[in-house]
Amino acid sequence: MFWVVSCTIIAFIIMNLPFIYVLLVVHGRKGLSYLWGYAPNQFLFPMLVFPFASFSTFVCIYTLINRVGPKMPVGTLGRWFADNWIASMLLGISIVSLVCIAVYFRSAMSLDKLEPKYANRALDAIKQINTETARLSDKERKEFLDKMIKNAKSDAAILQPPPLDDTNAFDTWIFGLPPDVYLQIVQNPDLTLRLKLMNPPIHALNMLQILIGLFISFGALFSIFLCYLATKQLQFNGDNIPELREAINAAFFALFFFGFYPVFYHQQRIDIEMYVGGDNTVLQGFFSGVTITLLLVILRYLDPQNRDFSAGLLTLIRFSPAAIVVVGVLMQTFFPQLTRRLIGSGTDWGVQMIFVLLFIPLSSFWAYSIWPRH
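This structure is a prediction, so every number in the text was calculated from the model and none was measured.

Asker: Tell me about the overall build of the protein, and please be specific about residues and values.
Answerer: Scanning the protein from terminus to terminus reveals 18 helices and zero strands. Rg of the C-alpha trace for the protein: 23 Å, near the compact-globule value of 21 Å for 374 residues, within the 12% margin. C-alpha atoms of the protein, sized along the principal axes, occupy 70 × 45 × 35 Å. The contacts in the protein between residues at least 6 apart in sequence include a share of 79% that link residues at least 24 apart. Put simply, the protein has 28 plus and 24 minus side-chain charges, and the middle of one group is 4 Å from the middle of the other.

Pasting the structure below:
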């Protein structure tokens, strides 16, 4: 188990390198305090949730490879994957690398990736728009923002920036843009790359962060697949192979913790796309939440003992993580102001500390429950 703990620590450090660099080198403590709520998927998830997700994944892989795999008959599909798990991980690296390339060129980045002067201007632009719409009703504000976004996109499409080698002329031009047009510029993937608006080290560290996060999530999906194969090929009845039950539980919690990321990412896009528009909708977040919940229920059902609902309170406890995901998705879908206050742009350090104090003890208990006992 030494390598499980070591890999968890190493992954945690790599995932939080962007946060460390942002805090110590680029934006500083004050700048980070303003940017924190606009990127919960970049700061809160890696620091708070990811350690538990990676630990659960590594525990599951360790249990499957070392304790369940040798029990499967030679020549079966499950045994082949257990024996050749390194090849599967190499395939995972190849897949997530391609995803990272797509993200690099086609994904709009959160505001913390910008150079400090451009990030500060983006925050000022949002503040100006909020001030301008503060006295409008919800319906009037939505109509105002929809019209503003439509006009801003048209204006941004015909802009002709000055040469980038003349820094003073470029800064004068970009800082002179209206707030709505400026936000269109800094949220356009092509323009942020071409105009060199992002801080290069932060951008590079963010790509490394995405690579590690996706790679370990691939490991979680591989573990779920191997758990399914093992239950079929070992005729698992809930009692005959305690190691497999431990692996299923670890896979369940790995998926549960990774399930927070779509919620955090969706919140980040909601908070910025209300000013710039986009393709994000509540249906996307709802669909991802439903998918994760269904997978969690299926994982629980792999253990026959979880199919007995006569256990009452014990059954509710076993399925409680899935219920938490459902509640989170429903809150974000129907009460966006509440999730914005909890993890988004409307949060503050007090709210975040309450969330942390509730999350860590409960997650630590779950992490302890999947530690191999045999």
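Asker: Any details on the packing of aromatic side chains? Residues and values, ideally.
Answerer: All told, the structure shown has 31 aromatic pairs when counted by the stated rule. The interplanar angle of 75 degrees and the centroid separation of 5.2 Å between the aromatic rings of Phe45 and Tyr261 together place this pair among those described as edge-to-face. One end of the pair, Phe45, is in helix α4 (residues 44–68); the other, Tyr261, is in helix α14 (residues 260–276), with 216 residues separating them in the sequence. Judged by relative accessible area, which is 3%, Phe45 ranks as buried. Exposure remark for Tyr261: the relative accessible area of 31% places this residue in the partly exposed category. We note Arg121 situated over the ring of Tyr182; from NZ or CZ to the ring centre the distance is 5.4 Å.

Asker: I'd love a proper account of helix α3 (residues 28–35), names of residues and values included.
Answerer: Along α3, the residues that are buried comprise Gly28, Gly31, Leu32 and Leu35. Burial along α3 is one-sided: seen end-on, the buried residues are contained in an arc of 100 degrees. Away from its buried face by more than 90 degrees, α3 exposes Arg29 and Lys30. Residues of α3 that are buried make contact with α2 (17–26) and α7 (116–132).

Asker: How would you summarise the packing of α2 against helix α12 (residues 200–233) if you had to cite specific residues and measurements?
Answerer: Interaxial distance between α2 and α12 falls to 9 Å at its minimum, and their mutual angle equals 165 degrees. Judged on the interaxial angle alone, α12 and α2 are roughly antiparallel. The handedness of the crossing between α2 and α12 comes out as left-handed. Where α2 approaches α12, its residues Leu17, Pro18, Tyr21, Val22 and Val26 are matched on the opposing element by Pro201, Ile202, Leu205, Asn206, Leu208 and Gln209. Here the residues of the contact of α2 with α12 are counted per class, giving nine nonpolar, two polar and no charged.

Definitions and limits used
Residues numbered from 1 in each chain as written. Predicted model: local features only at pLDDT ≥ 70, side-chain atom pairs only at ≥ 80, totals over all residues. Heavy atoms only, no water. Helix = DSSP H or I, 4+ residues; strand = E, 2+ residues; numbered from the N terminus. Rg over C-alpha atoms; globule rule 2.2 N^0.38 Å. Contact = heavy atoms within 4.5 Å. Lys, Arg positive; Asp, Glu negative; His and termini not counted. Charge placed at Lys NZ, Arg CZ, Asp CG, Glu CD. Phe/Tyr/Trp six-rings, centres within 6.5 Å; stacked < 30°, edge-to-face > 60°. Buried < 20%, exposed > 50% of the residue type's maximum accessible area, 1.4 Å probe, protein only. Lys NZ or Arg CZ within 6 Å of the ring centre and 35° of its normal. Arc of directions from axis to C-beta. Axes fitted to C-alpha atoms, helices over the stretch in contact; angles between N-to-C directions. Parallel < 35°, antiparallel > 145°, perpendicular 65-115°, else oblique. Left-handed = near helix turned anticlockwise from the far one by under 90°. Nonpolar A, V, L, I, M, F, W, Y, C, P; charged D, E, K, R; others polar.

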